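Descriptive analysis of the structure
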Amino acid sequence: MKAADIITARTPEWIALERDVSWLRQTRGRRLDPDRVAAFARRYRAACSDLALAMAMRFPDGTIDYLQQLVADAHTQLYRIESFSILAWLRNLLVAVPRRIVADPCTWIAAAVFATLFGGGMIAAWLHPGFAADVVGEGPLSRVEEMYAEPSDGGGFTAARARMAGFYVFNNAGIGLRCFAGGILFGVGSLAVLAFNALFLGTIFGHMLAAPAADNFAEFVTAHAPFELTAIVLSAGAGLRLGWSVVDTRGWCRRESLRRTAPEALATAGMATLLFILAAAIEAFVSPAPIPRAVKTGVACVSGLALAAFLATGAMRRSEDGRAE
Amino acid sequence: MASIDSTDVARPLDTTLVVVSPENIAFQFRLAGPAVRGVAFVLDALLILALFAGVVFALGLLGVVAEAFVGLFLVALFFVWWGYGAACEVIANGRTAGKAVLGLRVVGQTGLSINPAQAILRNLLRAVDVAPPFFPGVVSMACTSRLQRLGDLAAGTIVVLDRSRQAPRPPRVASTSPVAVPPGFRVEPRLMEALAAYVSRRADLSPARRRELAGIAAVRLCAAWGQLPPEDPDAVVCGLYERAIAADAGQEP
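Parameters and conventions
- Residues numbered from 1 in each chain as written.
- Chains lettered and ligands numbered in written order.
- Predicted model: local features only at pLDDT ≥ 70, side-chain atom pairs only at ≥ 80, totals over all residues.
- Axes fitted to C-alpha atoms, helices over the stretch in contact; angles between N-to-C directions.
- Helix = DSSP H or I, 4+ residues; strand = E, 2+ residues; numbered from the N terminus.
- Left-handed = near helix turned anticlockwise from the far one by under 90°.
- Contact = placed C-beta atoms within 7 Å.
- Nonpolar A, V, L, I, M, F, W, Y, C, P; charged D, E, K, R; others polar.
- Domains from an automatic or database assignment.
- Parallel < 35°, antiparallel > 145°, perpendicular 65-115°, else oblique.
- Core = buried A, V, L, I, M, F, W, Y, C linked by C-beta atoms within 7 Å.
- Buried ≥ 20, exposed ≤ 12 C-beta atoms within 10 Å, placed from the backbone.
- Pairing = 2+ DSSP bridges.

On to the packing of helix α1 (residues 3–26) of chain A against helix α3 (residues 61–78) of chain A. Residues and elements named next belong to chain A. The N-to-C vectors of α1 and α3 enclose an angle of 35°; their axes lie 10 Å apart at closest approach. Of the two elements, α1 crosses α3, and the hand of that crossing is left-handed. Facing Ile7, Trp14, Leu17, Glu18, Val21, Leu24 and Arg25 of α1, the residues of α3 in contact are Thr63, Leu70, Asp73, Ala74 and Gln77. Of the residues that constitute the contact of α1 with α3, the class distribution is seven nonpolar, two polar and three charged.

This is how it looks when you write it as C-alpha cells:
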C-alpha cells in the first residue's frame, strides 16, 4: 500500500468530517440530527487513527499538518461543555453571588478603603476651603458649582435626560469595568481607581455641602447614591478578588488559581455593572426630576433596603450552610 | 522492517500546543502570536468605529440629532464596546470579524470550545491588556509558553491559527523505475523524515532543482550500495520512500 493510495482512499472521509465540523459550528445549541452526530464521532475517531498512522509512517508533512488541524477542529466540537439553564443562572445570581460578595473579605476591604477616603476627602474639604480646589482643580470645581447653582430644571421628560442617561451608562459603568479589569495586576489597578474615585467624590461632597448650593446638590445626589456607591465598591472588590487569587493561591499554581477564581469575580463585576446601569437610570430620570424631595429620598431608601436585603439573604444562607455542616 | 519511532524526533521548538485527546492521540494547535492578534484587534476596533461613525453620519444626514438619540447611541456604544468581542466569540465559535479575517480562533486551553463566561472575561480584561505604556498583555504573552495575555490566563483560553485548509494532495511520485535497493537496507528515521519532506515538496520544484536536491541523498546512497550514480535521482528517492512506506505497512515489496 502506497502513501498516495491511503491518502486518496481516505480523503473523502476527511472532507466529510470537515463538513461535519462546519455544520456543528453553525448549529450550536440547537437540536441535532443524532445520526449525523454519530457519523461525526465515528469519522473523528477514524481521523484520529489516520493521524496516528500518518505520523508513524512519516506521511508527507502537508498531510500530517492537515490531519492535525482537522482532528483539533473536530475535537473542539466533540468535547464541549454547554449547560446553560436560566434556572441555574437565576439561582446563581440570587443565592451564590450575594453569598460570595458577603463572605469575601475583598468586598469589605474595598468598602473600608472607599469609606475612609470618601470620608477623609469630605471632612478635609469641609474644614479647609482650599482643599477641594487642590484635589479636583479650579476649573472642574467651578463647573460642578455651576451645575448645582440652580435647582434642577422643571418640565417632564426631556431629551437632555435621555442623553445624560446614555452618558452615565457609558462613563460610569465603563469606569466600573475598568476598575474590575485593573484588579488583575495584583489588585493594584482596582485599588487605584477606587481610591481616586473615593477621594474625588468625597472632596466634591464635602465642598458642595459647605457651598451655598448645598440643598440642590444634596437633592440631586440622594436618589442614585446607594446603587452607584455600592457598584463602585463591588467593582473594586471583584478586581481585588481577581488580583488576590494570584497572591494567595490556596494550593494551586498561580495560573490555575486565577483561572478558578475569575468566574466568581466576573459574576460580582456583572452585578456591579447592573447596579451602575440602574443608578444611571435613576440619576438621569429621577434625580433631576421636579418631584418632591421626599420621593427622591424614598427612592434612595428603597434601593438601599433592596440592596441590603439582597446581600443579607446571601449572608443568611451562608450561616444556614454553616450549621448544616 | 524499518521500525520508525515517532518519539525520537524532538518536538519542534515552536509556537504549538500539544493536546492529548481521550482517543490517546496527540495533536497540535498552532498558537497565534502578538503581531497577528494585534492586527485582528485593530481590525475589530476599526470595524466598531466605522459602524458608529456610519450611524452618526446617517443620523446627521437625516437631521435627527435629537438628544434622546445621543443617549441611546451612548448606551449602544457602551454595550458594543465592551460586549462586541464576547458576543462574536460566543456566536461565531471563538472568532470576531478581525479574527476571522486573519484566520484566528479562541479555544479553551484544553482544546475545547469556549463558553460565554470565558468569552466575557477575556474581553473585559482586554482593557488592561492593551493599556499603555507597558501593554501588560504583550508582556504576558512573552512570558507564557501558550502566548496568553492576562485575559486569556484568567479565562483559561488560547488563540490558535485556524487558516482555511486545503485537502492534502496525495504525494505525486515519479513513475518509479525500479530501484535496486539492497535487501536488508533499513531506512533510518531521520532519512525517512527527509524523504517525506522531499516527496511532499517535489511537486513545487523545477526538474533541475529536483535533480539537485534528490541528488544529495541519491548519489551517496548509490555509492554506499556500490552502484553507479543514478540517472534520475528523483526516481531513486521517490522509489525509496514508497518502498519504506510499504515496508512499514507490513507489505514487503
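Under the domain assignment, chain A is made up of domain 1 (3–78) and domain 2 (86–324). Measuring from the centre of the C-alpha atoms in domain 1 of chain A to the corresponding centre in domain 2 of chain A gives 51 Å.

This next bit is on the packing of helix α9 (residues 188–210) of chain A against helix α10 (residues 214–222) of chain A. All names here are of chain A. Viewed as axis vectors pointing N to C, α9 and α10 meet at an angle of 135°, and their least axial separation amounts to 7 Å. In terms of their interaxial angle, α9 and α10 are classed as oblique. In the packing of α9 onto α10, the handedness of the crossing is left-handed. Counted together, Met208, Leu209 and Ala210 of α9 and Ala214, Phe217 and Ala218 of α10 form the full contact between these two elements. Looking at the contact of α9 with α10 residue by residue, the class counts come to six nonpolar, no polar and no charged.

Glancing now at the nonpolar core. The biggest cluster of nonpolar side chains holds 139 residues, and the ones touching the most others in it are A:Ala47, A:Val71, A:Val169 and B:Ala154. Every residue in contact with A:Ala47, bar those within four places of it in the chain, is listed here: A:Trp14, A:Leu17, A:Leu67, A:Leu70, A:Val71 and A:Ala74.

Attention shifts here to the environment of A:Ala3. Residue and element names in this part refer to chain A. Tracing the sequence through the fold places Ala3 in helix α1. Taking the C-beta count within 10 Å as the criterion, Ala3 has 27 such neighbours and is therefore assigned buried. Along the backbone, Ala3 and Glu145 are 142 residues apart, and their C-alpha atoms lie at a distance of 82 Å.

Looking now at the interface of chain A and chain B. Between chain A and chain B, the residue contacts involve 61 residues of the former and 58 residues of the latter. Take the side of chain A that touches chain B: its biggest share by element is 16 residues, from helix α8 (residues 159–182) of chain A. Looking at the side of chain A that touches chain B residue by residue, the classes come out as 37 nonpolar, 12 polar and 12 charged.

Moving on, we come to the pairing of strand β3 (residues 104–108) of chain B. Each regular strand shows side chains that alternate between the opposite faces of the sheet. Residue and element names in this part refer to chain B. In terms of residue burial, β3 counts as a mostly covered element, since five of its five residues are buried. In terms of strand pairing, β3 meets strand β4 (residues 157–161) through five bridges, oriented antiparallel. Note on β4: the bridge partner recorded for Val107 is Ile158.

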